[in-house]
Amino acid sequence: MERVFMKGAEAVAEAAVRAGCRFYAGYPITPQNETPEYLARRLPEVGGVFLQGESEVASINMVLGASIAGAKAMTSSSSVGIALMAEGISQALNGCQPIVIANFMRGGPGGGTIQPAQSDYLQGTKAIGNGGCKLIVLAPCNVQEAADLTYEAFRLAERDRNPVLILADGCIASMMEPVILPPMRTDEELEKERLARRNWISNGVRTRGWGSIKLDLWYGRAAMVNAESQGACGKPVVEHTLESANRLWAELYETWENDIRVEEYRTEDAEYILTGYGTGGRVCRAAVDQLREKGYRVGLIRPIVVNPFPANAYKKLDSQKVKFVLCSEMAIPGQMFEDVQASLCDRIPSYYYGRSGGHILEESEVIDAFMSHLD
Amino acid sequence: MEKIYSRTKAVNQVSGGFCPGCFHGVIVKIIGEVTEEMGLIDKAVCVIGVGCCNNIYGYVKGKVDMVNTPHGRAPAVATGLKRMAPQDTLVYTYQGDGDCAAIGLSEIIYAANRGEKITVIFVNNSTYGMTGGQMAPTTLIGQKSTTTPKGRDADDVGYPMHMCELLNTLRAPVFITRVSCDTAPHILKAKEAIRKGFQNQIDGKGFSFIEIMSSCPTNWGLSPVDSVKFMQENTLKEFPIGTLRDN
Amino acid sequence: MAKLEISSEACKACGLCVATCPRQVLALGEKLNANGYHYAVVVDQEKCVACKMCAVICPDICIEIWK
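A quick note: this is a predicted structure, and the numbers were derived from the prediction, not measured.

Calculation notes
- Residues numbered from 1 in each chain as written.
- Chains lettered and ligands numbered in written order.
- Predicted model: local features only at pLDDT ≥ 70, side-chain atom pairs only at ≥ 80, totals over all residues.
- Heavy atoms only, no water.
- Helix = DSSP H or I, 4+ residues; strand = E, 2+ residues; numbered from the N terminus.
- Contact = heavy atoms within 4.5 Å.
- Buried area = accessible area lost by both parts, 1.4 Å probe.
- Salt bridge = Lys/Arg side-chain N within 4 Å of Asp/Glu carboxyl O.
- Polar contact = N/O pair within 3.5 Å; in protein donor to acceptor, adjacent residues only side chain to side chain.
- Nonpolar A, V, L, I, M, F, W, Y, C, P; charged D, E, K, R; others polar.
- Expected span 1.5 Å × (residues − 1).
- Buried < 20%, exposed > 50% of the residue type's maximum accessible area, 1.4 Å probe, protein only.
- Core = buried A, V, L, I, M, F, W, Y, C linked by side-chain atoms within 4.5 Å.
- Axes fitted to C-alpha atoms, helices over the stretch in contact; angles between N-to-C directions.
- Parallel < 35°, antiparallel > 145°, perpendicular 65-115°, else oblique.
- Left-handed = near helix turned anticlockwise from the far one by under 90°.

A.B. asks: Looking at this structure, how should I read the side chain of Arg18 of chain A?
C.D. replies: Turning to its location among the elements, Arg18 of chain A is positioned in helix α1 (residues 8-19). Non-local contacts of Arg18 of chain A, meaning those with residues more than four positions away in its chain, are made with Glu2, Tyr151, Leu181, Pro182, Pro183, Met184 and Arg185 of chain A.

Laid out in structure tokens, this is it:
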């Protein structure tokens, strides 16, 4: 097991290469510059292609093209850059392309600031692109998770033929921590996966030998499902319309219940719950330990997969025992807080404390906020 | 009797598709003929822009692979696709003037500037056909459109955009030419230009750009035959045909 | 002498072939096809010299030619 000291943005890049990523296109934007910079060096070493696009808009579309050609492809950006990619991400979903997108969030709205924040939770989990498209969204809270979740993202994307989003922030991008890197996937494994996708890859009709496909604007997932089955018997298995494609996406999103991952730390006897994700969740974890030392029975709920949201972790809280839930993020107003409140359905009081505009949340502030809600 | 002109196998006969007299139909035909003659049908991927060019779908459905792209992004998608597909894959974009010269101007200039080994087929009919005849970057001065009801006014919205000349300032492209569909001999020249554009790609020489002048009877409000006259008296004067670069 | 064959159902009566033919071999007919177009018909096969200009300019690939 290799244990190295690495920046988050670079760990994401290396984990992607190890997961089989062989194409990256991106555009410079702080704080995620180290991802393209790292891949500019690393991808050629593994026979991959790195391209700096003329814009985020061009970059996401290059990634789309590379994926259609059969390669594992990725891009990364920060907040406003991800906003520019919205159309391309939506079209990648519409074309059932297993691409991975990493967002190292910075302050917003607009250009906001280059400093870290968590102001794009809603963008990432609710409306990353037009047409109601949804992605599995993974939220690392440290460099190790950033690497592991990127590796996992490529597996989920390939499984579902749907883009996956890594929702990190500027802290994780710029912070160096020891990390154990996942193993390099072999060329044989990658070729096997590429062949499995043969009916929906486009290198000309010769790729599949039974007729042409069209990575579609109009029929989306229905076109892909029919192409996949067409190879077998040629008869469409689902109605070839966009509405039937929308149903297929809805069914896909249902299956994600099994992919939910949430850290529940010291919640067994908790009378209070702190909750947050990514860096916010990590700060809450530290605050839990300190409050425990002061004798308060506090636990942590930290969603790792933030879409689909782990609502059950909050629904199962015993309203007789838990006095309140405090949510903390680097965003004002709170964003994940909306999902927390929805999950609690007013059974348990919930409060919010956040910093934003590039200010990084601190344990002492969370503790003060906690104390202020004690009656 | 010997058959001296037959339908290309690369194109379906479609009852719907383009409007009567639209030269998109001719262009799709000659692309099909060249693809067939060069034996590239099963290696070709047509990266389609958004607009009337989208109607190519019915014509090559079942025969050639196609990729729909967001408006203006075809050259970027083609870039990723060409670089990651087997090198003998023929990747060409099929775009209109809105797609290539307006929203996708950045993408086409950078794909050209990088010298991507793709072939771009750009159909210039001086209008946004599919959306009902709005002003395009290539709409002529004084030419009416639904968004220039009194005719395009240069003081207000500038002059028609000359894509070949624009790309000719870049070093990487190997082939830049403007051809036209107004007459049968010109169509045959356009076909040769497409052949060269494909051959450049197969030989790995570099980026080829083929601007094909077309008409739009529906949105110009003229009959197909009168549209050709309008083209010859106006459009082709603003956009003279000829090859600007052929390395 | 040459022979033209026009697939009348695909023709959209755009008239480009009629205008292009240097020998006025073609004209838009009286009859309508299923889409309601007066499809092009050969009116004077004798004069056709198989120059193929009509087939080249046809946007719907309706014309095939024998010589």
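A.B. asks: Is there a simple way to think about the interface of chain B and chain C in this case?
C.D. replies: A common way to state how big an interface is: give the accessible area lost once the parts meet. Each partner contributes residues to the interface: chain B has 32 residues there, and chain C has 28 residues. Contact with chain C buries surface across chain B, with Met1, Ile4 and Tyr5 of chain B losing the most and accounting together for 27% of the total. The tally of links from chain B across to chain C stands at one salt bridge. Linking Glu64 of chain C and Lys3 of chain B is a salt bridge whose minimum nitrogen-to-oxygen distance equals 3.1 Å. Taken together, the links from chain B to chain C amount to 13 residue pairs in polar contact (both at pLDDT 80 or more). Sorting the residues of the side of chain B that touches chain C by element identifies β1 (3-5), α1 (23-37), α8 (184-202) and α10 (224-238) of chain B as the ones contributing at least two each. Class assignment of the residues belonging to the side of chain B that touches chain C gives a composition of 19 nonpolar, eight polar and five charged.

A.B. asks: Help me understand α1 of chain B, please; the structure alone is not making it clear to me.
C.D. replies: Under the 1.5 Å per step criterion, the end-to-end length of α1 of chain B is 21 Å for 15 residues, consistent within 8% with the ideal 21 Å. Of all 15 residues that make up α1 of chain B, 13 are buried, and the element is covered over most of its length.

A.B. asks: Which parts of the structure should I look at to understand the nonpolar core?
C.D. replies: In summary, soluble globular proteins display a tendency toward joint burial of nonpolar side chains. Counting residues in each nonpolar core, the largest one holds 125 residues, and the members touching the most others are Phe23, Met74, Leu138 and Val340 of chain A together with Leu81, Phe207 and Phe209 of chain B. Among all residues touching Phe209 of chain B, those that are not within four sequence positions of it are Cys100, Ile108, Val120, Phe122, Met163, Cys164, Leu167, Phe175, Ile176 and Thr177 of chain B. In terms of nonpolar packing, the next biggest core, distinct from the first, is built from 73 residues, Ala44 of chain B together with Val25, Leu26 and Val56 of chain C among them.

A.B. asks: It is not clear to me how the packing of α1 of chain A against helix α2 (residues 34-45) of chain A should be interpreted in this structure. Could you clarify?
C.D. replies: Helix-helix packing is characterised by the crossing angle of the two axes and by the distance between the axes. Residues and elements named next belong to chain A. Running from N to C, α1 and α2 cross one another at 40 degrees; their axes reach a closest spacing of 8 Å. Considered as vectors, α1 and α2 are oriented oblique to each other. Of the two elements, α1 crosses α2, and the hand of that crossing is right-handed. From α1, Ala9, Glu10, Ala13, Glu14 and Val17 reach across to α2, where they touch Glu34, Thr35, Tyr38, Leu39, Arg41, Arg42 and Leu43. By residue class, the composition of the contact of α1 with α2 is six nonpolar, one polar and five charged.

Purely geometric stuff here, so don't read any function into it on its own.
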